[in-house]
Amino acid sequence: MKKDKQKERFYLLSLGCSKNAVDSESMASLLGDAGFEDSSDPAEAQVIVVNTCGFIGPARKESIAALRDLAESKEPGQLLIAAGCLAQRVGPSLAKSVPGLDGIIGTRRWMDIVPFINDLRQRSKPHPLYHLPTEAKTVGRDEKGVLRAAVYGGSAYLKISDGCRRPCAFCAIPQIKGTIVSRPSDRIISEARELRDAGVNEIIIISQDSTDYGHDLGLKNGLSNLLNDIVAAVPDLPWIRIMYAYPGYVTDELIETMAKNPQILPYLDIPLQHSHWETLKRMRRPANVEWVHRTIKKLRHAMPEIAIRTTFIVGYPGETDEEFADLKNFVEELRFDRVGVFPYSYESSTPSSTISWRVSEEIKENRQVELMELQQQISLEQNQSQVGRILPVLIEGYGDGLSLGRSYRDAPEVDGMVIVPGELPVGELVPIRIDGAMVYDLMGVPDHIPSSTLIAANTILGS
Ligand code: SF4
């Protein structure tokens, strides 16, 4: 393998969620700034980095399998590094699971990837080398000036904070990422400007808990104020989408900010996890279900066309038939637009693992299927109500004479698509007349509204 002194190459495999994708992009730009060249082929790279996911069992398995594959095909002189959440969560024990691993760097110090590689190179002792600082002072604020976003066509995930201070009993994120560290708002706003100038039409606000933005900075209504600042600084940005709202923290100020700014999509992702107060108590989640009903009502009053996404965990330890029945009634009554249902995943290091009453795998799967089937009918009816509307659709790709895109009702990777005949410009917002609905997806045809009135179409949405 010929080594080009000037341009060493790196291969970076990004696993897990959109927040990990942003860390991968940031590590890639630091490597690029340090003179490395990005390679899509691990065999051609001197440095191989896997940005792992460690959230739940299946994700950990996927990360270890990917590392083992790369370790087996690794050649002398190549470095294999595990980064990300699994690296942070299990640390040195990962080296036992993956013989041939050279380095393990935690998700909290992704920004040290270049000096870490240099240390690995200078190291005389056999590998692996670990870099797993956990103390708060080392987390998050020194981003070395890199863009904290991941761009896909006309969309970009923009990270506003990292870590979480919530006590959810089933979740290992606070152990992995630490408590919330909000990014400076001026950085976020200038990045939004930078992304728009680069042609991005949709900015997707992400974090572990977007509604907690600024808490650690002593800010009140941090997210609402940040959104108003982004709208003011980037008035030509068509779409701003909010992901990961925490129950109890969708304030009247936030609802008002969403309703008065057409750029902020009438879309909200608010994982509720369950509906029965006793299950929520065992989950150490906000159990004021009345608040949920009131807030959904407020959201729909302020933005009648709003699309609400949520997620539920079924089969949580101790979940009785009565609690599950309550969840079904809740879903039927509130008629969410988008719902994800996940069977409880046992996590040994989380408080939920101490609850002795376990629900069997079979019951978990049956409840997942039952709740999804219930939601499919609701989703179809919600989609059918879109027929006849003209929706701006962000085109994501085309093939076989069909284009695929997303309307304001669809977040990437988790919601539906809009299917349109023809090959439409990728990354652009195109007005589509919706003429068909399926359980998750919509069909439509391009509507000949001059593109200049596109933002106006957004306003039509709001009226
Ligand atoms: S809010 Fe989300 S990331 Fe934070 S502990 Fe709860 S489930 Fe985990």
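Keep in mind it's a predicted model, so treat the numbers as computed, not measured.

> If you had to explain the site of the ligand to someone new, which residues and values would you point to?
Close to the ligand lie Cys164, Arg166, Cys168, Phe170, Cys171, Ile173, Pro174, Gln208, Tyr246 and Arg285. Here the shell around the ligand is built from residues that sort into seven nonpolar, one polar and two charged.

> Tell me about the packing of aromatic side chains, and name the residues and values.
A full pass over the atoms with the stated rule returns seven aromatic pairs. Ring centres of Phe312 and Phe330 lie 6.1 Å apart, and the angle between their planes is 80°; this geometry places the pair in the edge-to-face category. Taken together, the residues Phe312 in strand S14 (residues 307-314) and Phe330 in helix H12 (residues 321-334) connect sequence positions 18 residues apart. An aromatic cluster is built from Phe170, Tyr316 and Tyr344, whose rings are joined through pairwise contacts. Here Arg166 stacks its cationic end above the ring of Tyr249, 4.0 Å away from the centre of that ring. In this arrangement the basic side chain of Arg241 is found over the ring face of Tyr267, its NZ or CZ atom lying 4.6 Å from the centre.

> Go over unusual backbone geometry with me, naming the residues and quoting the values.
Peptide bonds are trans in most cases, and residues, glycine excluded, mostly fall at negative phi. Backbone geometry places Tyr244, a non-glycine residue, at a positive phi of 65°. Tracing the chain through its elements places Tyr244 in the loop between strand S12 (239-242) and helix H9 (252-260). Its relative accessible area of 23% is what places Tyr244 among the partly exposed residues. The phi angle at Gln273 is positive, at roughly 70°, despite the residue not being glycine.

> Talk me through the domain arrangement of the protein chain; I want residue IDs and the actual numbers.
Domains assigned within the protein chain are domain 1 (9-131), domain 2 (149-384) and domain 3 (390-454). One C-alpha centre belongs to domain 2, the other to domain 3, and the line joining them spans 24 Å. Contact residues are listed per partner, giving 25 residues for domain 2 and 22 residues for domain 3. Across the domain 2/domain 3 interface, buried area totals approximately 1,900 Å², and carbon plus sulfur atoms make up 51% of it. Our count for the domain 2 to domain 3 interface comes out at 19 residue pairs in polar contact (both at pLDDT 80 or more). Looking at the side of domain 2 that touches domain 3, the elements that each hand over two or more residues are strand S8 (155-159), strand S11 (202-206), S12, strand S13 (264-269), S14 and helix H13 (361-384). Looking at the side of domain 2 that touches domain 3, the element that brings in the most residues is H13, giving seven residues. Considered class by class, the residues forming the side of domain 2 that touches domain 3 number 11 nonpolar, eight polar and six charged.

> Account for the nonpolar core, naming residues and giving values.
One finds Ile230, Val250, Leu268, Phe312, Phe330, Phe336 and Leu371 to be the most contacted residues of the largest nonpolar core, which totals 63 residues. In this structure, Ile204, Tyr408, Val418 and Leu442 belong to the second largest nonpolar core, which totals 25 residues.

> So what's going on with the environment of Val359? Residues and values would help.
By the secondary structure assignment, Val359 is in the loop between strand S15 (338-343) and H13. Expressed as a C-alpha distance, the spacing of Val359 and Phe324, which sit 35 residues apart in the sequence, is 12 Å. Once residues lying within four places of it in the same chain are set aside, the contact partners of Val359 are Gly315, Tyr316, Gly318, Glu319, Lys364 and Arg367.

> How would you summarise the side chain of Arg241 if you had to cite specific residues and measurements?
Here Arg241 shows up in strand S12. For Arg241, the side chain forms a polar contact with the main-chain oxygen of Ser407, separated by 3.3 Å. Once residues within four sequence positions are removed from consideration, Arg241 is found in contact with Glu202, Ile203, Ile204, Ile205, Leu265, Tyr267, Arg406, Ser407, Tyr408, Arg409, Asp410 and Ala411.

> Provide a residue-level description of the sheet that holds strand S18 (residues 418-421), including the pertinent values.
Pairing in this closed barrel of five strands is mixed, and the strands run S16-S17-S18-S20-S19 around the ring. Each neighbouring strand pair of the sheet contributes to a mean axis angle of 50°, computed without reference to strand direction. Alignment of S18 against strand S20 (residues 442-446), held across two bridges, turns out to be parallel. Its bridge partner being in S20, Val418 is matched across the sheet by Leu442.

> Hey, could you go over the packing of H12 against H13 for me, with residue numbers and the actual values?
In contact at an axis separation of 10 Å, H12 and H13 are set at 15° when each is read in the N-to-C sense. It follows that H12 is roughly parallel to H13 by the angle criterion. Remark: the crossing between H12 and H13 carries right-handed chirality. Judged by residue contacts, Asp321, Phe324, Leu327, Lys328, Val331 and Glu332 of H12 engage Arg367, Glu370, Leu371, Leu374, Gln375 and Ile378 from H13. Here the contact of H12 with H13 is composed, by residue class, of six nonpolar, one polar and five charged.

> I'd like a description of the pairing of S11, backed by residues and values.
Across the five residues that make up S11, a large majority, five, are buried. Burial along S11 is two-sided: Glu202, Ile204 and Ile206 and Ile203 and Ile205, pointing in opposite directions, are all buried. When S8 meets S11, the two strands line up parallel, connected through five bridges. Its bridge partner being in S11, Ser155 is matched across the sheet by Glu202. Here S11 runs beside S12; their pairing, made up of four bridges, is parallel. Within S12, the residue paired with Ile205 across the bridge is Ile242. In this region the chain leaves S11, passes through helix H8 (residues 222-233) and returns to the parallel neighbour S12; the handedness of that crossover is right-handed.

Definitions and cut-offs
- Residues numbered from 1 in each chain as written.
- Predicted model: local features only at pLDDT ≥ 70, side-chain atom pairs only at ≥ 80, totals over all residues.
- Heavy atoms only, no water.
- Near = heavy atom within 4 Å.
- Nonpolar A, V, L, I, M, F, W, Y, C, P; charged D, E, K, R; others polar.
- Phe/Tyr/Trp six-rings, centres within 6.5 Å; stacked < 30°, edge-to-face > 60°.
- Helix = DSSP H or I, 4+ residues; strand = E, 2+ residues; numbered from the N terminus.
- Lys NZ or Arg CZ within 6 Å of the ring centre and 35° of its normal.
- Buried < 20%, exposed > 50% of the residue type's maximum accessible area, 1.4 Å probe, protein only.
- Domains from an automatic or database assignment.
- Contact = heavy atoms within 4.5 Å.
- Buried area = accessible area lost by both parts, 1.4 Å probe.
- Polar contact = N/O pair within 3.5 Å; in protein donor to acceptor, adjacent residues only side chain to side chain.
- Core = buried A, V, L, I, M, F, W, Y, C linked by side-chain atoms within 4.5 Å.
- Pairing = 2+ DSSP bridges.
- Axes fitted to C-alpha atoms, helices over the stretch in contact; angles between N-to-C directions.
- Parallel < 35°, antiparallel > 145°, perpendicular 65-115°, else oblique.
- Left-handed = near helix turned anticlockwise from the far one by under 90°.
- Right-handed = clockwise from strand over helix to strand, strands pointing away.

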